[in-house]
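Here are the chains, one letter per residue:
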Amino acid sequence: MRKLLSVLLTLCLLGSLLVPFAVAEAQEPITLTVFRGDPGDQPYEDNKIYKKIEEEFGIKFEFEFLAGDLNETLGLKLQDLEDLPDLFDGGNSAEMIIDGGALINLLDYINPEDTPNLWAHIEPQKNRVITKDEITGEDVMYIIPNYGLTDGPQIANSVGGPAFFIQKQVLAWGGYPEIHTLDEYFDLIERFLAENPTNADGTPYVGFDILTEDWRRFCMINPVQHLMGRPNDGEVLIDVNKEDFPTETFINQPYAKPYYKKLNEEFQKGIISPDTFVMSFDQYIAQLSSGIVLGMFDQAWDFGDATNALLTDGKFENTYVALGLIYDEDDVPAEDMPEGWKIEEHYLNGSLPNLDRGFGISVSCKCPERIIAMWERMLDDDWQLLFNWGVEGEDYSIENGRLTMTAEQYANTQDVEWQRHNKARAFFESSPKRQGWILDGDLKGNCWEPGNQDEIVFGLMNDYDKDFLGHYGYSKFADFVNPPIELAPYGEAWQIDKAPIDKDYQDFLNIQDTQLPAVIMASPEEFDAKWDAFVEAINPSCEVYSNFMHEEVLKLVAAYYGE
Amino acid sequence: MTDMTKGSTRYYMPRKKGFFARLASQWQLALMSVPILMYVFLFNYVPMWGWINAFRDYGNRKLVARGITPFNGLDNFKWLFSRPDFYQTIRNTLAMSLINLVLGTFSAILLAVLLNEVRQKTFKRTVQTVTYLPHFLSMVIVVAMAQNIFASTGPVNELLTKLGIMKNPIFWLGEGKYFWGLVGVINVWKEVGWGTIIYISAMTSIDPALYEAASIDGAGRFQKILHVTLPGIKSTFVILLIMNIGHLMEAGFEIQYLLGNGLTADFSRTIDIFVLEYGTSLMDFGVATAAGIFKSVVAIILLVGANFISKRLGEDTLV
């Protein structure tokens, strides 16, 4: 009898051990290692969004953020393809990890039948997102763009990309002028500085910053194309009105010189400090966050942390307005212009899938199908609302079919510390996401992102901004620049992978890094000689780069039209 | 065994036994050296297989990802030596190494001699601790501090302008001509205390009787330093010098990488940084390995050369 009892008990015990296996077979908890190709903040352990992800998908994340140089970090990671982070975001050098064979082809998992959400997400832009492997000829997609696959008509409430930025207080001090040219821009900053050399605390203002650290050298290089009236094509100027899309690097062209001449003059006047050329990105953000930098050329997302810090501190007058500056007619002599070129301000263009930016799944990941299934489910409305808006009732509310936030709730979303408890930034920023308009369901007509929703853009705008826009008679900050033009058929040329000419490209970058700051800092007599020496030094690599880019642009155009 | 030639009898020492017989008689010692030999073999010889990559083409990443890296003879070396800026990086590397070697050695000896003369124990120990603590700081922190100290509005410039030595602040961090000097100064600050340790220990091993004898002969303090202390550490100095000459191709990488910027690049880029920019970070391991081989060869030549000269001068040698 005793024996029987013990046998029964043993069986019961064994049975109870098996139960969890039966129930949770598909959801065996796993921890994914995640690498982000940019610096960031670790979320706190109690983060509510990550908790929900763990509950529904059984997936936890272990984040690693970039610390140090991106290319070197990626180069080191690529030395061991067996031990890569599961979710791998190569940041601005994702081409390296793609070419390095670190990522799996997502098309092995994504198709109209198994993953209808993901397929519908990429379908409208599939000519751009899906490419052909040069060697095997098969269709490949390694990364679902993290941004730019938007639903519905384009929303342009603010300038998220490149522009010349100026502190609002400078415009207010100048009597809310319209600024369209370099001369007007620097003239206003000079006059402001002359009267206000320091802020209220006695810290001296910095007139104009030029960030040059590593790949952020674009702040020094890129402005010329915009002054010529084009949206961001990176380091080349493309004439989209001509049939064969003439493409050339602009940094070595005569029409680039007036800009650097202007910077040289401003340097002589002390508007630009020499320290700007030895500044790290962290020092730059710290300087911007303290509200002492009056102007700079940059992209709005690049200094988003500084903007948030200024808003948190209530320094609204120190936040920035994006201006679309262009060359004035007499800035560039007619003979220096490309043939048939007309300057019209176009800083904005149609939304563009952020190709090859975002998470890829690495070849060493043990469970790609679970990540795909998670992303597929996350494109559903409830998850998108959770990521973008938060928890209903807690972070936002729905009134008469409209999504709204109170002023306090919205202020929270801008607070970096709050985000670490309540937002899944590190994961969501690099994951596929819906943007633009909500097109179906009860919430039709709302925006996916709180920052685009009318109620928030206008309703929760701080009084300073309302008053500020009122002086101009504008309703939104995007009104400072022209409305977006149609996206060029090749997309934006900065996205083109430069690996095939990487050594020449590295020369191109090195020569700019070493010589261009010296050109800007040259004494007025020396300027012409230094500029000529710079152009001569960079010409060989420019030629290789221009020719390569032209070929690639033509290939992209052909692919876009499905040829 | 005897040798009967020339009619004389010579007795050989028993060590003329065969190699293996001798090895067998010392088997315990031989056994103890096995782990060390394995370590050296595994970590110093096995990786040399990687040198083969210097003769491979890593130019096309897409092919590399598929494991296709054809041999390309000496193309990687040719590419390296065809670039004028590679020679510039060699110059920078050697210049900064030499500056570090000379400044580092002399500042360490100077401090060690001074400390040796200090009779007050607490003071001596405090100075020693304070000077060697920076050795444990990460270079990232040291450079960040230097960037603040030498900024155009930093304390150094403030001091110089307030004292009236300079009219305008000097742009220390942005002018190439100051870069080597800055690196030297920072390295001395960071490593001087660490460098003294070995010299101080060498000085403690000098026989006190020598000092007493010198005193009796009427030597003053400076003469004792000159004729007893310095000769006493000469052999340590020579050995360290030879070892450091072998490291001349390593000017350090962190400090130049962190402190350098576009403006100073012509003076700050070392071979290591060049390899990083055009090799590792472009995933061209062929070029990176070729540069590594070049560095090793130069280092071996320098080391053997220094050793040879030292032998000729009748000093201690490494081998």
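## Structural notes on the confidence of the model for chain A
Residues and elements named next belong to chain A.
Inference 1: With 95% of its residues at a pLDDT of 70 or more, chain A shows a mean pLDDT of 91.
Inference 2: Mean pLDDT across the elements of chain A ranges from a minimum in helix 1 (residues 2-23), with 55, to a maximum in strand 11 (residues 293-299), with 97.
Inference 3: Between residues 19-25, whose pLDDT stays under 50, and residues either more than four places distant or in other chains, the model counts 0 contacts.

## Concerning the interface of chain B and chain A
Inference 1: Each side of the interface is counted separately: chain B has 20 residues, and chain A has 23 residues.
Inference 2: Broken down by secondary-structure element, the contributors of at least two residues to the side of chain B that touches chain A are helix 3 (61-65), helix 14 (265-268) and helix 15 (271-278) of chain B.
Inference 3: For the side of chain B that touches chain A, the residue count by class is 10 nonpolar, 6 polar and 4 charged.

## A word on helix 11 (residues 257-268) of chain A
Residues and elements named next belong to chain A.
Inference 1: If you check helix 11, its first and last C-alpha atoms are 16 Å apart, about what 12 residues at 1.5 Å a residue would give, namely 16 Å.
Inference 2: Taken together, the buried positions of helix 11 are occupied by Lys-257, Tyr-259, Tyr-260, Leu-263, Asn-264, Glu-266 and Phe-267.
Inference 3: Where helix 11 is buried, its residues touch helix 8 (182-195), strand 8 (206-209), helix 10 (223-227), helix 21 (502-521) and helix 22 (524-560).
Inference 4: A positive backbone phi angle near 85° is found at Gly-270, which sits one or two residues after helix 11.

## Brief notes about the confidence of the model for chain B
Residues and elements named next belong to chain B.
Inference 1: In the predicted model, chain B carries a mean pLDDT of 88, and the fraction of residues at 70 or more is 94%.
Inference 2: Of all secondary-structure elements in chain B, the lowest mean pLDDT belongs to strand 1 (residues 2-3), at 46, while helix 4 (residues 75-81) reaches the highest, 94.
Inference 3: Counting interchain partners and residues more than four positions distant, the pLDDT-below-50 stretch residues 1-5 has 5 contacts.

## As for the pairing of strand 1 (residues 30-36) of chain A
Residues and elements named next belong to chain A.
Inference 1: As judged from the 7 bridges shared by strand 1 and strand 2 (residues 59-65), these two strands associate in the parallel manner. In the strand pairing of strand 2, Val-34 is matched with Phe-63.
Inference 2: One crossover worth recording links strand 1 to the parallel strand 2 by way of helix 2 (residues 48-57), and it is right-handed.
Inference 3: As paired elements, strand 1 and strand 3 (residues 87-89) share 2 bridges and run parallel to each other. Within the sheet, the bridge partner assigned to Phe-35 lies in strand 3 and is Phe-88.

## A word on the domain arrangement of chain A
Residues and elements named next belong to chain A.
Inference 1: By the assigned domains, chain A splits into domain 1 (29-150 + 354-456) and domain 2 (162-347 + 462-560).
Inference 2: Distance between the C-alpha centres of domain 1 and domain 2: 30 Å.
Inference 3: With 11 residues of domain 1 at the interface, the matching set in domain 2 holds 11 residues.
Inference 4: Mapped by element, the contributors of at least two residues to the side of domain 1 that touches domain 2 are helix 4 (94-99) and helix 6 (126-129).
Inference 5: Its residues placed into classes, the side of domain 1 that touches domain 2 shows 2 nonpolar, 3 polar and 6 charged.

## Some words on the domain arrangement of chain B
Residue and element names in this part refer to chain B.
Inference 1: Taken domain by domain, chain B consists of domain 1 (13-55) and domain 2 (79-312).
Inference 2: The C-alpha-based centres of domain 1 and domain 2 are spaced at 35 Å.
Inference 3: Residue-level contacts link 4 residues of domain 1 with 5 residues of domain 2.

## Concerning unusual backbone geometry
All names here are of chain A.
Inference 1: In this structure, Asp-214 is a non-glycine residue whose phi angle is positive, near 50°.
Inference 2: Within the fold, Asp-214 resides in the loop between strand 8 and helix 9 (218-221).
Inference 3: Residue Asn-400 is not a glycine yet carries a positive backbone phi of 50°.
Inference 4: Here Asn-400 shows up in the loop between strand 14 (397-399) and strand 15 (402-404).
Inference 5: By C-beta crowding, Asn-400 is classed as exposed, having 5 other C-beta atoms within 10 Å.

Conventions used here
- Residues numbered from 1 in each chain as written.
- Chains lettered and ligands numbered in written order.
- Predicted model: local features only at pLDDT ≥ 70, side-chain atom pairs only at ≥ 80, totals over all residues.
- pLDDT = per-residue confidence, 0-100.
- Helix = DSSP H or I, 4+ residues; strand = E, 2+ residues; numbered from the N terminus.
- Contact = placed C-beta atoms within 7 Å.
- Nonpolar A, V, L, I, M, F, W, Y, C, P; charged D, E, K, R; others polar.
- Expected span 1.5 Å × (residues − 1).
- Buried ≥ 20, exposed ≤ 12 C-beta atoms within 10 Å, placed from the backbone.
- Pairing = 2+ DSSP bridges.
- Right-handed = clockwise from strand over helix to strand, strands pointing away.
- Domains from an automatic or database assignment.

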